[in-house]
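# Summary of structural features
Listed here are the chains, written in short residue letters.
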Amino acid sequence: MFYKLGLINSLRRVRSMDLVYLMKKELFRRGYSPRTLDAYTNSVSNFLKKCKKDPKKVTKKDVRDYLYYLAEKGMARSTLNLNLQALKFALINILGKRFILSLPGSKKATRLPIVLSKKEVSRIFEAIKNKKHRLMIKLLYSAGLRVSELVKLKVEHIDLDNMYGWVRRGKGNKDRMFIIAESIKDDLNEIIEKSYLFKGRRGHISVRTIQQIVKKATLKARIRKKVNCHTFRHSFATHLIEDGYPITTVQVLLGHKSVETTMIYVHIARPSMLDVKSPLD
């Protein structure tokens, strides 16, 4: 309480640069990811450059006009929502304003994620000749990990005796357990030393490296779908549902807060695996 009052009092003489700086500190204090931190501060910085007003005098109309300006430039609705959430954070949590604004029609369109079949996953694995690279992508798929979680895995996070591991401070700054496939146990044992599971020049391997491995393997395997690292997480969830596992189990393994988020994979799973038959049959 006293922290928040002090923060608001210090903004009586706030300038644009002060607002962005204090916002960055507050986001960091609350444990937001570096990616969200950069996205939010960049959004607010761009708004202030366009608005050219004292931050304390920014109104709801200023925000609405800015969002309409972005919309006219052809910005995606997801981008508009990102800007809206960033500005709301700054105005409410940093400036202490009362601010209620929604973007009409900005609700993100429901699009089913792209999913690979099990055969397509196998073809991608076969296309990766480097043993360590293949192991990374196998773990990415078999555990349903986000690529950001994969690169930060440490040896201490892995329990090969019990075939599970832990994601530490994942999305939303949460920990969660993940499963490890028996088929990659021996390969993981071979590379386990100290510190990060998959090493790189700066400690752990980079997300960019994993992305390039996936891109090249997808082309080599002649997969025509638009595949990225997250496609393996979508495929992991869908294949579990097709194999008959309860939606709540999949929810826990993915680390979803709400089961409704996980329900999207039910719509992707093959009907035959859900015991659905056509009325014609």
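Per chain, residue numbering runs from 1 following the sequence as it is written. Where totals are concerned, whole chains, interfaces and linings use all residues; where local detail is concerned, this predicted model gives features only for residues with pLDDT of at least 70, and gives and counts side-chain atom pairs only at 80 or more. Calculated side-chain values reflect all of the structure's heavy atoms, with hydrogen atoms and water omitted.

Turning to the pattern of salt bridges, a few remarks are in order. The salt bridge definition used is simple: a Lys or Arg side-chain nitrogen within 4 Å of an Asp or Glu carboxyl oxygen. Under the criterion given, the structure shown has 12 salt bridges. The closest approach of N and O atoms between Asp62 and Lys53, which form a salt bridge, is 2.8 Å. Linking Lys118 and Asp243 is a salt bridge whose minimum nitrogen-to-oxygen distance equals 2.9 Å. Within this pair, whereas Lys118 is found in helix 6 (residues 118-127), its partner Asp243 is found in the loop between helix 11 (229-242) and helix 12 (247-254), the two being separated by 125 residues in sequence. In this structure Lys118 comes out as partly exposed when scored by relative accessible area, which is 39%. One network of salt bridges, in which partners are shared, links Glu26, Arg29 and Arg30. Counting from the N terminus, the helices are the DSSP runs of H or I reaching at least four residues and the strands are the DSSP runs of E reaching at least two. We call a residue buried when its accessible area falls under 20% of the maximum for its residue type, exposed when it is over 50%, and partly exposed in between, using a 1.4 Å probe and counting protein chains only.

Attention shifts here to the sheet that holds strand 3 (residues 176-179). Two orientations exist for strands paired in a sheet by backbone hydrogen bonds: parallel and antiparallel. On the basis of which strands lie adjacent, the open sheet formed by three strands has the order 1-2-3 and antiparallel pairing. The open sheet terminates on both sides in strands that have one partner only, identified here as strand 1 (158-159) and strand 3. Note on pairing: two strands pair once DSSP finds at least 2 bridges between them. Two elements, strand 2 (residues 164-167) and strand 3, share four bridges in a ladder whose sense is antiparallel. By the bridge assignment for strand 3, Tyr164 is matched with Ile179.

To pair, rings of Phe, Tyr and Trp, with the six-membered ring standing in for Trp, must have centres within 6.5 Å; the planes then decide the type, stacked if under 30 degrees apart, edge-to-face if over 60, and tilted in the middle. The tally for this structure, following the rule as stated, stands at seven aromatic pairs. On the numbers, 6.3 Å between centres and 65 degrees between planes, the contact of Tyr40 with Phe89 is edge-to-face. Here Phe89 lies in helix 5 (residues 77-94) and Tyr40 lies in helix 3 (residues 34-51), a separation of 49 residues in the sequence. Each of the two residues, Tyr40 as well as Phe89, counts as buried. Relative to Trp166, the ring of Tyr164 lies with its centre 6.4 Å away and its plane at 90 degrees, an arrangement referred to as edge-to-face. By way of ring pairs, the aromatic residues Tyr32, Tyr40 and Phe89 are connected into one cluster. A cation over a ring is seen here: Lys50 above Tyr69, with NZ or CZ 4.1 Å from the ring centre. For a ring to carry a charge above it, either NZ of a lysine or CZ of an arginine must fall within 6 Å of the ring centroid while also lying within 35 degrees of the normal to the ring plane. Across from the ring centre of Tyr196, 5.2 Å away, lies the NZ or CZ of Lys154, which sits over that ring.

The analysis is restricted to geometry; functional conclusions fall outside its scope.
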